[in-house]
Amino acid sequence: MKEKQESSRRSFIKKLATTTAAVAAGSSLLAAENKVKPFSILKRPPGNSLNDQINIALIGAGGMGTQDAIVALQIPGVKLVAVCDLYDGRLNDAKTRWGADIFTTKIYKEILNRKDVDAVIVGTPDHWHQQISIDAMHAGKHVYCEKPMVHSITEGPAVIKAQKETGKVFQVGSQGVSSLGNEKAHELLKSGAIGQLNYAEGFWARREPLEVWQYPIPADASPQTVDWETYVSNTKKRDFDAKRFFRWRNYTDYGTGMAGDLFVHLFSSLHFITGSMGPNKIYAAGGLRFWNDGREVPDVLLGTFDYGKTQEHPAFNLSLRCNFVDGTSGTTYLKLVGSEGSMDITWDKVTLKRNKTFGSDDPFYLDKLKKAGSGYAERKKMLPPEEIVYDAEKGYLGGPYDHMNNFFTAIRNNGKVTEDAIFGYRAAAPALLCNDSYYNNSPMFWDPEKMHSIKK
Ligand SMILES: NC(=O)c1ccc[n+]([C@@H]2O[C@H](COP(=O)([O-])OP(=O)(O)OC[C@H]3O[C@@H](n4cnc5c(N)ncnc54)[C@H](O)[C@@H]3O)[C@@H](O)[C@H]2O)c1
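Residues numbered from 1 in each chain as written. Predicted model: local features only at pLDDT ≥ 70, side-chain atom pairs only at ≥ 80, totals over all residues. Heavy atoms only, no water.

A. Looking closely at the pairing of strand 6 (residues 142-145). Of the two faces of strand 6, the one holding H142 and Y144 and the one holding V143 and C145 are both buried throughout. Pairing between strand 5 (residues 119-122) and strand 6: four bridges, direction parallel. Following the sheet pairing, I121 is matched in strand 6 by Y144. The parallel pair strand 5 and strand 6, bridged by helix 6 (residues 129-138), forms a crossover whose chirality is right-handed. Pairing geometry for strand 6 and strand 7 (residues 170-172), over three bridges, is parallel. Looking across to strand 7, one finds that C145 is bridged to V172. Handedness of the crossover joining strand 6 and strand 7 through helix 7 (residues 156-166) is recorded here as right-handed. (Buried < 20%, exposed > 50% of the residue type's maximum accessible area, 1.4 Å probe, protein only. Helix = DSSP H or I, 4+ residues; strand = E, 2+ residues; numbered from the N terminus. Pairing = 2+ DSSP bridges. Right-handed = clockwise from strand over helix to strand, strands pointing away.)

B. Broad picture of the sheet that holds strand 5. What the six strands build is an open sheet, ordered 4-3-2-5-6-7; its pairing is parallel. Here the strands that pair on one side only, and so sit at the sheet edges, are strand 4 (103-105) and strand 7. Strand-to-strand, the axes of this sheet are offset by a mean angle of 20 degrees, without reference to chain direction. In the packing of helix 6 onto the sheet, contacts are made with strand 2 (54-59), strand 5, strand 6 and strand 7, and the angle to strand 6 comes to roughly 165 degrees. Most of the contacts of helix 13 (residues 399-413) go to strand 6, to which it runs at about 165 degrees, and overall it touches strand 2, strand 3 (78-84), strand 5, strand 6 and strand 7. (Axes fitted to C-alpha atoms, helices over the stretch in contact; angles between N-to-C directions. Contact = heavy atoms within 4.5 Å.)

C. Quick look at the site of the ligand. The environment of the ligand is made up of 25 residues, and the closest members are M64, D85, D126, H129 and K147. Within the side chain of R90, a nitrogen or oxygen atom sits 2.9 Å from an oxygen atom of the ligand. At a separation of 2.9 Å, an oxygen atom of the ligand approaches a polar backbone atom of K147. Relative to its unbound accessible area of 850 Å², the ligand is 91% covered by the protein chains. Sorting the residues of the shell around the ligand by element identifies helix 3 (63-72) and helix 11 (257-274) as the ones contributing at least two each. The class makeup of the residues in the shell around the ligand is nine nonpolar, nine polar and seven charged. (Near = heavy atom within 4 Å. Polar contact = N/O pair within 3.5 Å; in protein donor to acceptor, adjacent residues only side chain to side chain. Areas by Shrake-Rupley, 256 points an atom, 1.4 Å probe, with all protein chains shown as cover. Nonpolar A, V, L, I, M, F, W, Y, C, P; charged D, E, K, R; others polar.)

D. The arrangement of the side chain of N55 in detail. Relative to the assigned elements, N55 resides in strand 2. A distance of 2.9 Å separates the side chain of N55 from the backbone oxygen of D116, its partner in a polar contact. What N55 contacts, discounting residues up to four positions off in sequence, is K79, V81, D116, V117, D118 and A119.

E. Structural context of helix 6. By the criterion of burial, helix 6 is predominantly enclosed, with seven of the 10 residues buried. Taken together, the buried positions of helix 6 are H129, Q130, I132, S133, I134, A136 and M137. In this structure, the buried residues of helix 6 make contact with strand 2, helix 5 (108-112), strand 5, strand 6, helix 7 and strand 7. In the segment just after helix 6, G140 is the residue with positive phi, at about 90 degrees.

F. Highlighting the pairing of strand 3. For strand 3, a buried count of six out of seven residues is recorded, marking the element as mostly surrounded by other parts of the structure. A crossover links strand 2 with its parallel partner strand 3, the connecting element being helix 3, and its sense is right-handed. Handedness of the crossover joining strand 3 and strand 4 through helix 4 (residues 88-98): right-handed.

G. Structural detail: the environment of G275. Mapping G275 onto the fold places it in the loop between helix 11 and strand 9 (281-287). Taking relative accessible area as the criterion, G275 reaches 32% and is therefore assigned partly exposed. Spatially, the C-alpha atom of G275 lies 9.2 Å from that of Q311, the residues being 36 residues apart in sequence.

H. A look at the side chain of Q130. Locating Q130 in the fold gives a position in helix 6. For Q130, the side chain forms a polar contact with the main-chain oxygen of E155, separated by 3.0 Å.

I. Structural context of the packing of aromatic side chains. Counted according to the given criterion, the structure contains 18 aromatic pairs. Between Y144 and F407, the ring centres sit 5.7 Å apart and the planes meet at 75 degrees, which makes this aromatic pair edge-to-face. Placement of Y144 in strand 6 and of F407 in helix 13 is noted, with a sequence separation of 263 residues between them. The burial state of Y144 is the same as that of F407; both residues are buried. By way of ring pairs, the aromatic residues Y87, W228, Y231, F240, F245, F246, Y251 and Y254 are connected into one cluster. Sitting above the plane of the F103 ring, R114 keeps its charged end 4.5 Å from the centroid. For the cation-ring pair, K456 lies above F445, with the distance from its terminal atom to the ring centre recorded as 4.6 Å. (Phe/Tyr/Trp six-rings, centres within 6.5 Å; stacked < 30°, edge-to-face > 60°. Lys NZ or Arg CZ within 6 Å of the ring centre and 35° of its normal.)

J. Here's a closer look at the pattern of salt bridges. A complete count under the given rule lists 16 salt bridges for this structure. Between D116 and R114 there is a salt bridge; the shortest N-O distance is 2.9 Å. K184 is the salt-bridge partner of E187, the closest N and O atoms lying 2.9 Å from each other. In this pair, E187 and K184 both sit in helix 8 (residues 180-190), three residues apart, roughly one turn of the helix. You can call E187 partly exposed: its relative accessible area is 42%. Where salt bridges share partners, they join R238, D241, R244, D253 and E296 into one cluster. (Salt bridge = Lys/Arg side-chain N within 4 Å of Asp/Glu carboxyl O.)

Below is the structure:
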């Protein structure tokens, strides 16, 4: 592996030299600056526009499901024919948005029984993902299921089995995986741009009530407008509670906490960029510090994850943090760190930072080197750029569009998607085990290749 890394490192340096030379030749202004910041544009070739229509239905027409449907309808040849939700207000909104002739229902099986539906988007809370996805595939529908793929670690294998048995296209909705930013980061890592990967980190800081899951509760919320019986039919039976329906992320029967909601995106991106199958050791710490609104999940969560060496990558560590009481607010990032630099990665931008030089400028150290006759040379060196920004071309439609487009392209071409059931489970599992570690107050062990927990 070392040899492979050395040759890819050399190839990156060669490319870097070409880029730097081109920039320097083209801009005397830039060259005059001390800090040269080459700037590359990320491009996506125009997509196919195919004539055959794909009819879709939306199951779970809340915030994200609606957004997914809006993006899906930007793909040529996609038509929305039906919407299912458990709350009248959402069904009315769907008719207002998409027209009175859209079929609406509170019973998802009525959607699955329709012959005119080719694919469904599952945008329900997490505790319904598994069952609806499996039922949909067995009913002959392709499935775009929101993340996390499953609500508990035991639920993944059945989704993988259903996908294999039915041969349907099944894609999980961590849309960053299809973005130009993730693609570029993958390419850069492979070319040796940051040397040998040893560490990655991700962080979310939030503070606004709406961002930390204190959603408004509609004035008409009641057992008459909400099908509560169905909502709790696959989990603990309770009396109607509007908070548990509209603020479901705060309760473990329905949501998967910060790890299932947010960490899972970073696992998806990280696994795509590195080619990893996942960590083998997971440890979480955190607490409920501020939002004492009845929530059952922490509002500060830290997770550390050990990734073992594989054919694809060296061993490295991952640290993820989420703080819902962050007075500075508003930060989200993913960073990969290697022996020669680092990358800050978003869906439409990658900022690559590299060491200027590995030599020291400490005068005492340099003096020592001189005295030791180590061959220290006074002559100045040519320095590589400290930072390169790869930015998406203007007009880039973004990761969500690319992800949806990949889903429909796979349906049309009888092809495959990257974020399939196996990928989705490998991204969800460490997030769910992070919660298990927090509640059990102990590290969790996982076999990422065979996809099962390990008892120690
Ligand atoms: N990919 C992303 O960036 C992203 C962002 C936000 C949310 N999500 C995911 O999307 C899903 C939905 O999140 P949201 O924020 O849109 O929640 P939401 O509460 O706004 O919407 C969920 C909708 O599902 C409906 N519902 C509940 N159970 C149902 C059932 N059995 N059948 C039909 N409808 C049902 C609810 O009435 C509600 O309208 C979650 O899994 C979440 O993790 C993904």
